[in-house]
Amino acid sequence: MPAVPSAGSFSIVILIDIAQLTDEGRRVVGEEPANLLGLDGDPVVSEAGPIRYDLTVEPAGDKLIVRGEAEASLGFHCSRCDKFFSTTVRVSSFLHTYEWAEHSAMLDVSADVREDLLLEIPGFPLCRADCKGLCPQCGQDLNEAACDCSPATDGLSPWSALDGWAVKPASKPAAGKPQADSR
Ligand SMILES: [Zn+2]
Ligand SMILES: [Zn+2]
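Here the structure is a predicted model, which is why all the values come from computation and not from measurement. (Residues numbered from 1 in each chain as written. Chains lettered and ligands numbered in written order. Predicted model: local features only at pLDDT ≥ 70, side-chain atom pairs only at ≥ 80, totals over all residues.)

Draft legend 1. Quick look at the pairing of strand β4 (residues 63-77). As paired elements, strand β3 (residues 45-60) and β4 share 13 bridges and run antiparallel to each other. Its bridge partner lying in β4, Glu-47 is registered against Leu-74. Here β3 folds back onto β4 in antiparallel fashion, the turn holding 2 residues, of which Gly-61 has a positive phi close to 65°. Note that β4 and strand β5 (residues 84-99) share 14 bridges and pair antiparallel. Directly across from Glu-71, in β5, lies its bridge partner Arg-90. Here β4 folds back onto β5 in antiparallel fashion, the turn holding 6 residues, of which Asp-82 has a positive phi close to 70°. (Pairing = 2+ DSSP bridges. Helix = DSSP H or I, 4+ residues; strand = E, 2+ residues; numbered from the N terminus.)

Draft legend 2. Focus on the sheet that holds β5. With antiparallel pairing, the 4 strands of this open sheet are ordered in space as β2-β3-β4-β5. Two strands lie at the open edges of the sheet, namely β2 (26-32) and β5, each paired on one side alone. The average angle at which neighbouring strand axes cross in this sheet is 10°, direction not considered. Helix-sheet contacts for helix α1 (residues 110-119) involve β3, β4 and β5, and the interaxial angle to β5 is about 135°. (Axes fitted to C-alpha atoms, helices over the stretch in contact; angles between N-to-C directions. Contact = placed C-beta atoms within 7 Å.)

Listed below in structure tokens is the structure:
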């Protein structure tokens, strides 16, 4: 597992003005510079573009509910071929609740947006789903050309390494119903 990027300094904030909030709520759509995520210097992930968000804040009693989505363009090194590529990481169902009393005029949701985006970072980023990777023997990028030592398996799937695993069926149904035999 690549290390989760450390909680380095991130300077930009996403603030929602709640001073005049009505029952209707408020929608905020915007864009922030990429350094919100504080990924500078991370060996695995880098920020390639701005963070975009589309959030709605609604009052609910003494709480504020913020929901919506956010996305960021991030750069990765492919886990298989080590090429750099960029892709969009998206939080499609941002949902956080805040105590209204703790936020008088401005609600700062940047830490939660950041955290949710970081959770969407793939553990094994792939430049494309069928990336063939590098030959483990000669290092040839198999996306560009085959090599003599590469085995003749075109359908190299992400799960091919699992093919050799012996899958033992559970010997008995799990003990979920302890009273199944009591009769
Ligand atoms: Zn790749
Ligand atoms: Zn090879």
